[in-house]
Amino acid sequence: MSLAITSTSPAFTVAITPSGTPLQGNVASFQNLTTTGGTAPVCWAVVGGSLPAGIQLDPAGRLAGIATRRGSALVTLRATDSTSPIALFTDAAIVVTVS
C-alpha cells in the first residue's frame, strides 16, 4: 500500500503507518493503520472514495479482506480520537494498492 498523507486538524496529527501483509489479489491479507497524537482509542472510517472490492476497514484501523481485483484506489480516511468532551479528527487521503 502506498500512502499520501494530509492532515486537516492542527491539534491532532495523524501519521499512517501500515503493517501486516501486503494487500494482494485473491489472497487473504491485511494492513493495520496506526496514528501518533490524539487520545486513544482512535476510530477509523472511510469518508471519501471506495476501497478496492473485497477490502474493508474496521473501526480499529485494520484494512483486511480478499481483494477481487488488482489495482489502486484513492480513498480518504478519517481518524477520530477519544478526546473528551469533544473528539478531534483528521482526514488522510491514501492510495490503497492491491498487487
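What to know about unusual backbone geometry
Put simply, A40 and P41 share a cis peptide bond, and its omega is -5°. With respect to the element layout, P41 can be found in the loop between β3 (29–32) and β4 (43–48). Cis peptide bonds are those with omega within 30 degrees of zero, and the linkage from S84 to P85 qualifies with 10°. Positive phi, close to 60°, is recorded for N26, a residue that is not glycine. With respect to the secondary-structure elements, N26 resides in the loop between β2 (19–20) and β3. Overall, the relative accessible area of 58% leaves N26 in the exposed class.

Rules of the game
Residues numbered from 1 in each chain as written. Predicted model: local features only at pLDDT ≥ 70, side-chain atom pairs only at ≥ 80, totals over all residues. Heavy atoms only, no water. Helix = DSSP H or I, 4+ residues; strand = E, 2+ residues; numbered from the N terminus. Buried < 20%, exposed > 50% of the residue type's maximum accessible area, 1.4 Å probe, protein only.

This is a description of form; function is not addressed.
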